[in-house]
Amino acid sequence: MKVELKIWRYDGATGQKALRPYEVDVSAEATLLDTLDAVKDKVDGSLAYRKSCRMMICGSCGMRVNGGAVLACKTRIADLVADGSVPVISAMGNLPVVKDLVVDMAPFWDKMRSVEPWLQPGYDQATEIENIVEQKRMDVIHKESLCINCGCCVSECNSMESDPDFLGPAALAKGFRFVGDTRDGATVERLERYSEAHGIWDCTRCYFCNERCPKGVDPRDAIAKLGAEAMKAGIDRDMGARHAKWFVTSAKTTGWLRETELVPKTQGVVKAIKEIKFAMSLVPKGKVPPPF
């Protein structure tokens, strides 16, 4: 079948960017990656993109389609061009573009390394030939173990767009993979590190990472689990942690959120007093609940 698509071309040397249309013949079963191969082989050999396994294992072919991150090898081209649609293909977001659809993954790997994604055993030696963990305990980190480091979640992260230093959904999901592992002996140290600035509590909870993850890792869920574990360990000095803690306390004690107490409980009394002027400006808009 004949397929039309548009691809954002980027020249790293000059910084020039252009949206170019392409038309190729592919089979009805072709994926987006197959279509890009056809474009490169038959139309424009200068097109740059990454690929390797073509089986949703390596994570190399992450890119955006119509503004949302996907794995090109998982996405059927027939679904994209249904009803005469012309898909727009571009490089992933929140990462520097090297050329066309190729991004520099160095910032991604730097953050991944910063969470120390390796087991730090909480034992000196194996109790048997190997340390066997019950299946139900490994089920706790099953989803996080599925991550293929494709970067699709990072591409769509609103927090990373506003704060490039935010650890990001991929790194934090990988962090929970070890926090939740019963064999790891550095749980508290990990939670302390992940609770620092640009960590757990900087997530905006937009859930785009869950929506775009091609493997069902659900990074936002992993971040929520990290937050819960940090609170359990008494690591609640961050304002985000105090905010969440008050939500729980308020709901448990009264069954609803006592909004007038939220600011002083989260930011402290002094900060709350400083915000009175701002609060008063919200009164005419009906945005301030009655104090009683």
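Throughout what follows, the structure given in this document is the object of discussion. The numbers attached to residues start from 1 for each chain and follow its sequence in the written order. Totals for whole chains, interfaces and linings use all residues, but because this is a predicted model, local features are given only for residues with pLDDT of at least 70 and pairs of side-chain atoms are given and counted only at 80 or more. With hydrogens and water stripped out, all remaining heavy atoms of the structure feed into the side-chain values.

Once that is clear, we can look at the sheet that holds strand β3 (residues 62-65). Any two strands with at least two DSSP-identified bridges between them are counted as paired. Only runs of H or I of at least four residues qualify as helices and only runs of E of at least two qualify as strands under DSSP, and these elements are numbered from the N terminus. The mixed open sheet is built from five strands, whose spatial order is β2-β1-β5-β3-β4. Both edges of this open sheet fall to β2 (17-25) and β4 (68-71), since each of them pairs with a single strand only. Pairs of neighbouring strands in the sheet enclose a mean axial angle of 35 degrees, with direction left out of account. Of the strand pairs in this sheet, strand β1 (residues 2-10) and β2 are connected by nine bridges, and their pairing is antiparallel. Counterpart to Glu-4 in the pairing with β2 is Glu-23. Should any heavy atoms of two residues lie within 4.5 Å, those residues are considered in contact. Note on method: axes are straight lines fitted to C-alpha atoms, helices fitted across the in-contact stretch only, with angles between N-to-C directions ranging 0 to 180 degrees. On top of the sheet, helix α1 (residues 32-42) reaches β1, β2, β3, β4 and β5 (88-90); it is set at about 75 degrees to β1, its chief contact.

Let us now look at the side chain of Arg-190. Along the chain, Arg-190 falls in helix α8 (residues 187-194). Each polar contact in these results corresponds to two N or O atoms within 3.5 Å; when the atoms are within protein, one needs to be able to donate a hydrogen and the other to accept it, and residues that are neighboring in sequence are counted only if both atoms are side-chain atoms. Within the local environment of Arg-190, its side chain forms a polar contact with the side chain of Asp-184, the two groups lying 3.0 Å apart. If near-sequence neighbours (up to four positions away) are discounted, Arg-190 is found in contact with Val-115, Glu-116, Trp-118, Leu-119, Gln-120, Phe-178, Val-179 and Asp-184.

To continue, consider helix α11 (residues 239-254). Every α-helix carries 3.6 residues per turn, so stepping three or four residues along brings you back to the same face. Between its terminal C-alpha atoms α11 stretches 22 Å, which fits the 22 Å expected from 16 residues at 1.5 Å a residue. Two to three positions downstream of the cap, the backbone nitrogen of Gly-240 sits 2.6 Å from a side-chain oxygen, assigning the N-cap of α11 to Asp-238. Directly after α11, the chain includes Gly-255, whose backbone phi takes a positive value near 90 degrees. Multiplying 1.5 Å by the residue count of a helix minus one yields the expected span of that helix.

The next subject is the packing of helix α3 (residues 106-114) against helix α7 (residues 169-179). Closest axis-to-axis distance for the α3/α7 pair is 9 Å, and the angle between their directions is 25 degrees. For the element pair α3 / α7, the angle class is roughly parallel. Crossing geometry of α3 relative to α7 is assigned as right-handed. Seen from α3, the contacting residues are Phe-108, Lys-111 and Met-112; seen from α7, they are Ala-170, Ala-171 and Lys-174. Amino acids outside the nonpolar list (Ala, Val, Leu, Ile, Met, Phe, Trp, Tyr, Cys, Pro) and the charged list (Asp, Glu, Lys, Arg) are all regarded as polar, and Gly is one of them. Residue composition of the contact of α3 with α7, by class: four nonpolar, no polar and two charged. Angles are sorted into four bins: roughly parallel if under 35 degrees, roughly antiparallel if over 145, roughly perpendicular if 65 to 115, and oblique for all others. Two helices crossing with the near one rotated counterclockwise from the far one by less than a right angle form a left-handed crossing, whereas a clockwise rotation gives a right-handed crossing.

Counting 35 residues, the largest nonpolar core has Leu-95, Phe-108, Val-154, Leu-172, Tyr-194, Ile-200 and Leu-226 as the members making the most contacts within it. Examining the composition of this core, we find that six residues originate from one element, α7, more than from any other. Every residue in contact with Phe-108, bar those within four places of it in the chain, is listed here: Leu-95, Asn-149, Gly-151, Val-154 and Ala-170. If you look at the next biggest cluster of nonpolar residues, it comprises 30 residues, including Val-3, Leu-33, Leu-36 and Ala-72. Nine residue types can take part in a nonpolar core, namely buried Ala, Val, Leu, Ile, Met, Phe, Trp, Tyr and Cys, and a core is a set of them joined through side-chain atoms within 4.5 Å. Relative accessibility decides the category of a residue: with a 1.4 Å probe and only protein chains considered, values under 20% of the type maximum give buried, values over 50% give exposed, and everything between is partly exposed.

Glancing now at the packing of α7 against helix α10 (residues 219-232). At a minimum axis separation of 8 Å, α7 and α10 run at an interaxial angle of 55 degrees. Overall, the two elements α7 and α10 adopt an arrangement that is oblique. Our pair here, α7 against α10, has a crossing hand that is left-handed. Judged by residue contacts, Pro-169, Leu-172, Ala-173, Gly-175, Phe-176 and Val-179 of α7 engage Pro-219, Ala-222, Ile-223, Lys-225, Leu-226 and Glu-229 from α10. Across the contact of α7 with α10, the residue classes break down as nine nonpolar, one polar and two charged.

For the rest of this paragraph, the subject is a nonpolar patch on the surface. Each patch is built from salt-bridge-free residues with over 30% relative accessible area, joining like charges within 9 Å and nonpolar side chains (Val, Leu, Ile, Met, Phe, Trp, Tyr) within 5 Å. Here the Shrake-Rupley method, with its probe set to 1.4 Å, supplies the accessible areas, and only the displayed protein chains count as covering residues. Each reported salt bridge corresponds to a side-chain nitrogen of Lys or Arg within 4 Å of a carboxyl oxygen of Asp or Glu. Together, Val-269, Ile-273, Ile-276, Met-280, Val-283 and Val-288 make up a nonpolar patch on the protein surface, roughly 540 Å² of accessible area in all. Within the residue set of the nonpolar patch, elements represented by two or more residues are α13 (269-274) and α14 (276-282). You can see Met-280 is positioned in helix α14. For Met-280, a relative accessible area of 54% puts it in the exposed group.

Now for the pairing of β4. Covered by surrounding structure in β4 are Gly-68 and Val-70 together with Ala-69 and Leu-71, the residues of both alternating faces. The pairing of β3 with β4 spans four bridges and is antiparallel. If you follow Arg-64 over to β4, its bridge partner there is Ala-69.

Turn length for the β3-β4 hairpin, with the two strands adjacent in sequence and antiparallel, is two residues, and the turn residue Asn-66 shows positive phi of about 55 degrees. Sheet topology note: the β3/β5 ladder contains two bridges and is antiparallel. Of the residues in β5, the one forming a bridge with Val-65 is Ile-89.

Another aspect to go through is unusual backbone geometry. Even without being glycine, Arg-54 reaches a positive phi, approximately 65 degrees. Summarising the element assignment, Arg-54 is placed in the loop between α1 and β3. You will see that Asn-94, though not glycine, has its phi angle at about 65 degrees, which is positive.

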